[in-house]
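Working through the structure, step by step
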Amino acid sequence: MIETVSPSSPLARLAHPKESLSAIDPETAAALIVSASDVALVIDRLGMVVDVAFGNADLAKDAYREWIGRQWVDTVTLDSRPKIEELIRDTTTRTASRWRQVNYPAAQGPDVPIRHSAIRYGADRRLVVVGRDLRAMAALQQRLAEAQQTMEREYARIRGAEKRYRLLFQLASEAVLIVDAGNQRIVESNPAAAALLGRDAKKLIGQTLADLFDEGSAQAAQSFVAALRVAPRVDNVHVQIAGQKESLLLSGSQFRQENAAHFLVLLSRLAGDAAPAPPDKTSMLAIVEKIPDAFVVTDMDRKILTANSAFLDMIQISSLEQARGELFERWVGRPNVDVDVLFANLRTHGSVNHFSTLLRGEYGSTEDVEIAAVSVPGGPQPCLGFTIRGAGWRASRDQLGGRELPRTVEQFTHLVGRVPLKNLVRETTDLIERLCIEAALDLTHDNRASAADMLGLSRQGLYAKLRRYGLGDLDDSQATN
């Protein structure tokens with residue numbers, strides 16, 4: 001049933017908009033236009049701004065009232081002028097023009113974007129132009145663009161991290177399994193794990209961790225999983241592979257991914273199951289371990305990788321783990337001088353022999369030592385090797401070049417009465433000073449800047465003493481530097 005509408009009802013008035021809107025007076029219509037838009041302009045038929053009204057307080061603050069009396073096309077930016085000309089040309093008295101975005105120059109900051117629509121009215125064909133401020137929308141669009149760029153950068157970073165993880169996971173020599181903590185099923189395995197377990201990598205996916213081991217190791221595997229749920233890390237759980245006689249050690253830790261807990265499980269052979277080293281290599285390793293001279297291997301960044309027992313005894317520590325990863329100069333060399341010279345020679349020549357320096361124990365003891373070193377840049381892991389031998393009393397005596405000081409009270413007594421005390425003190429001081437300078441030059445391979453640092457002298461002071469004792473030739477440029 002269709003309901004009839006009474007002619008006096010509001011619905012009937014809305015059905016005839018011309019009759020209902022014609023009763024609105026001009027002042028009300030103007031107020032309505034201003035309140036419905038951010039800016040309203042009246043443009044004469046020549047394109048000049050006759051009047052301006054603002055419904056947006058922010059636009060009113062920018063002193064756009066100076067538009068009155070100017071050509072509308074002159075108030076916008078250069079790129080917006082064709083849009084203004086097209087809008088004026090296409091506007092008719094029957095229909096409003098389509099919306100166009102134009103930009104107005106701002107006193108400070110970026111241009112102000114405003115979206116305009118216009119309609120002609122009256123006998124003189126003036127334009128009524130309404131505008132909506134698009135700065136809030138532009139700010140939202142800018143934030144959206146920045147958020148999108150941030151997401152793209154983050155996505156690229158995550159994708160790069162995943163690519164590196166995949167590459168490391170596939171190329172790692174250690175056998176690794178990723179296990180779902182909920183159902184204990186294998187999610188991922190690397191080629192090393194498949195080779196160690198003797199199974200196809202694709203067939204490992206979906207199997208439970210317990211399926212990999214024999215019945216005798218089932219309890220150990222369950223205890224391993226239970227411990228992983230409560231402990232940050234579990235190490236060295238002994239299990240045996242199903243259908244094989246080979247035994248493994250399980251180590252692992254828990255991590256979360258996509259709101260789910262997973263186990264990172266490392267598989268390794270027992271020490272007895274590892275492939276035996278060749279007999280000659282085994283003998284050599286045993287000799288290096290038991291040789292009385294200290295032997296140290298470091299990486300190219302001077303961090304200790306391994307060392308024998310003699311070195312541990314010299315630096316007064318009980319286990320290799322305390323030394324592994326520490327810098328070589330923590331125990332060897334005089335601060336800021338010796339080690340830099342040693343490694344500089346290693347980089348230049350590849351080997352160093354009879355390098356005299358100082359070794360410091362963990363509890364404050366010191367010992368004069370002699371180092372032979374070699375650089376091994378090739379191979380799977382570039383490294384540096386050092387043998388360290390205590391210099392002893394004879395080496396120290398040889399370093400004096402045959403010019404020894406009296407070492408006992410009796411020897412000093414023999415000089416008393418024969419040499420004036422003042423002369424004895426001065427000559428002894430001169431001899432000590434000369435021997436120290438010679439030792440510093442010898443330790444630094446005649447690097448006079450390093451020798452001056454070692455002795456605590458300025459370069460000019462060292463050059464003066466070198467001239468005094470006739471140690472080396474100096475030209476004028478060296479003496480003044």
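Here, the structure is the one placed above.
Residues numbered from 1 in each chain as written. Predicted model: local features only at pLDDT ≥ 70, side-chain atom pairs only at ≥ 80, totals over all residues. Heavy atoms only, no water.

Regarding the pairing of strand 4 (residues 112-121)
Of all ten residues in strand 4, seven are buried; the element is thus mostly enclosed. Note that strand 3 (residues 100-104) and strand 4 share five bridges and pair antiparallel. For Val102, the partnering residue across the bridge sits in strand 4 and is Ile114. Pairing geometry for strand 4 and strand 5 (residues 126-133), over eight bridges, is antiparallel. Across the sheet, the residue bridging to Arg120 is Leu127, located in strand 5. (Buried < 20%, exposed > 50% of the residue type's maximum accessible area, 1.4 Å probe, protein only. Helix = DSSP H or I, 4+ residues; strand = E, 2+ residues; numbered from the N terminus. Pairing = 2+ DSSP bridges.)

Side note on the sheet that holds strand 2 (residues 49-54)
The antiparallel open sheet is built from five strands, whose spatial order is 2-1-5-4-3. The open sheet has two edge strands, strand 2 and strand 3, and neither has a second partner. The average undirected angle you get between the axes of adjacent strands in this sheet is 30°. Its contacts with the sheet place helix 5 (residues 81-90) against strand 3, strand 4 and strand 5, and it is angled at close to 135° to strand 3. (Axes fitted to C-alpha atoms, helices over the stretch in contact; angles between N-to-C directions. Contact = heavy atoms within 4.5 Å.)

A few points about the packing of helix 17 (residues 448-455) against helix 18 (residues 459-469)
Where helix 17 meets helix 18, the axes come as close as 9 Å, and the angle between the chain directions of the two elements is 100°. Judged on the interaxial angle alone, helix 18 and helix 17 are roughly perpendicular. On helix 18, the residues that touch Arg448, Ala449, Ala451, Ala452 and Leu455 of helix 17 are Arg459, Leu462, Tyr463 and Leu466. For the contact of helix 17 with helix 18, a count of residues per class yields seven nonpolar, no polar and two charged. (Parallel < 35°, antiparallel > 145°, perpendicular 65-115°, else oblique. Nonpolar A, V, L, I, M, F, W, Y, C, P; charged D, E, K, R; others polar.)

Regarding the pairing of strand 7 (residues 186-189)
Pairing geometry for strand 6 (residues 175-180) and strand 7, over three bridges, is antiparallel. Directly across from Val179, in strand 7, lies its bridge partner Ile186. If you look at the hairpin formed by strand 6 and strand 7, you'll find five residues sitting between the two strands, and Gln184 has a positive phi there, around 60°.

A closer look at the sheet that holds strand 9 (residues 247-257)
Pairing in this open sheet of five strands is antiparallel, and the strands run 7-6-10-9-8 from one edge to the other. The open sheet has two free edges, formed respectively by strand 7 and strand 8 (233-240), since each of these has just one partner strand. The mean angle between the axes of side-by-side strands here comes to 30°, regardless of whether they run parallel or antiparallel. Most of the contacts of helix 6 (residues 135-171) go to strand 7, to which it runs at about 80°, and overall it touches strand 6 and strand 7.

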